[in-house]
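Structural overview
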Amino acid sequence: MSELRELLAELTRELCEVRSPVGEEGPLAERLARRPGAERIGNSVVLGRAAGARPAVVLFGHIDTVPVQEGDFPARRAGGRVHGRGASDMKGALALMLTLWDRLDRAKLAVDLVCVFYDREEGPYEQSGLGPLLEARSDLRRASLGLCLEPTDLALQVGCCGSLHATLSFVGRSAHSARPWQGKNAVHEAGPLLEHLRGLRPREVAFGELMYREVMSVTRIEGFTGRNVVPARCDLNLNFRFAPGRTVEQAEVEVRALAQRFGAECLITDRAPAGPVVLDNPFVRKLRALSGVPVEAKQAWTDVARLGMAGIPAANFGPGEQAQAHQKGESCSEEALERGYLLLQRFLTEAA
């Protein structure tokens, strides 16, 4: 095993040992903030500055994870993989960022390198630490390219789908379940909408060579009063993933129209914009040419969207595995950590 791979794998394991589920990132932020020159803003930490004298590439990594699951601790290494909560999403990427920062001769790079570690990505859009961080550090808006090191299996994933959550409510009338005709079953009232969604095919939206798929899914349903009571209310959480090019306002109009069509009340509870597709960005083209990695549409939401709203062209590129994100027994490949480091090292050295 190479010295580099050993370094990256062991640092990933150490980071996984620091518990940081969303909302509890303080201990990890404190550890990161000990590095020389680090600036801590809330529970976010920044290394470097986009000074403006040369192009800047900013690497973004969130330090929080989804809630801890059984078997996450202690973190361990086995079979060429690091096992632990956040290994793929995205503490392996954090280890890669820290190692790039420590090992590269930043004065000789083709670009200014900035590493951003931020909190609360896994929570609601409005609570993310990245918004306040971008307000506090206006220099980041000068970036020529932002890279979110989300798990992409080392593919370059451009743009991202937007995400809208809404509560769709059906109102009925309670009754004894032995005499349902005396009431109105709100769960049954939701049936036509559920049947419609079951047969709804993804809507494909093309941007050049990339294809995004717009989908609607019910991810939660509640309609329980008692085992022998006809439910008087049924609430569904509807998640609409919409393609770049559609605004959150347009997505909201579509969801409200769907609710009205099937007789449901509609309350929008969370919405996040789609990310712009930046295939024509010169630094994206350079990364693509130097790395030779696949280029894909991001069929999910990431902070590429928030960065785009701040005027920062951005894409997703990380060593974690998409199939491992949020899974029980999460792990990441030590080989992918090393390969990701070497690809980004070449890009940062030769990008200009």
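In this report, the structure presented in the accompanying data block is examined. (Residues numbered from 1 in each chain as written. Predicted model: local features only at pLDDT ≥ 70, side-chain atom pairs only at ≥ 80, totals over all residues. Heavy atoms only, no water.)

A short note on helix H1 (residues 3-17)
The end-to-end C-alpha distance of H1, which contains 15 residues, comes to 21 Å, matching closely the 21 Å that a straight helix rising 1.5 Å per residue would cover. Those residues of H1 lying buried are Leu-4, Leu-8, Ala-9, Leu-11, Thr-12, Leu-15 and Cys-16. Relative to the axis of H1, the buried residues are bounded by an arc of 165° and lie together on one face. (Helix = DSSP H or I, 4+ residues; strand = E, 2+ residues; numbered from the N terminus. Expected span 1.5 Å × (residues − 1). Buried < 20%, exposed > 50% of the residue type's maximum accessible area, 1.4 Å probe, protein only. Arc of directions from axis to C-beta.)

Some thoughts on the nonpolar core
Leu-59, Phe-117, Leu-147, Leu-149, Leu-156, Phe-347 and Leu-348 are the most contacted members of the largest nonpolar core, which totals 63 residues. Looking at this core element by element, the count peaks at 10 residues for helix H3 (residues 87-103). Counting residues in each nonpolar core, the second largest holds 23 residues, with Phe-170, Ala-259, Phe-262 and Ala-274 among its members. (Core = buried A, V, L, I, M, F, W, Y, C linked by side-chain atoms within 4.5 Å.)

Some points on the side chain of Asn-316
Mapping Asn-316 onto the fold places it in strand S17 (residues 314-316). At 3.3 Å, the side chain of Asn-316 forms a polar contact with the backbone oxygen of Gly-159. At a separation of 2.8 Å, a polar atom in the side chain of Asn-316 contacts the side chain of Thr-302. (Polar contact = N/O pair within 3.5 Å; in protein donor to acceptor, adjacent residues only side chain to side chain.)

Topic: the sheet that holds strand S14 (residues 233-242)
Hydrogen bonds along the backbone pair up the strands of a sheet, which may run parallel or antiparallel. As summarised here, the arrangement of the five strands in space is S11-S12-S14-S9-S15, forming an open sheet in which the pairing is antiparallel. Of all the strands in the sheet, the pair left with one neighbour each is strand S11 (203-207) and strand S15 (265-272). Averaged over all pairs of adjacent strands, the angle between strand axes in this sheet comes to 20°, irrespective of strand direction. Here strand S9 (residues 162-171) runs beside S14; their pairing, made up of 10 bridges, is antiparallel. (Pairing = 2+ DSSP bridges. Axes fitted to C-alpha atoms, helices over the stretch in contact; angles between N-to-C directions.)

Details of the pairing of S11
Sheet topology note: the S11/strand S12 (residues 210-222) ladder contains five bridges and is antiparallel. Bridge assignment links Ala-206 to a residue of S12, and that residue is Met-211. What sits between the antiparallel neighbours S11 and S12 is a turn of two residues, in which Gly-208 has the positive phi angle 60°.

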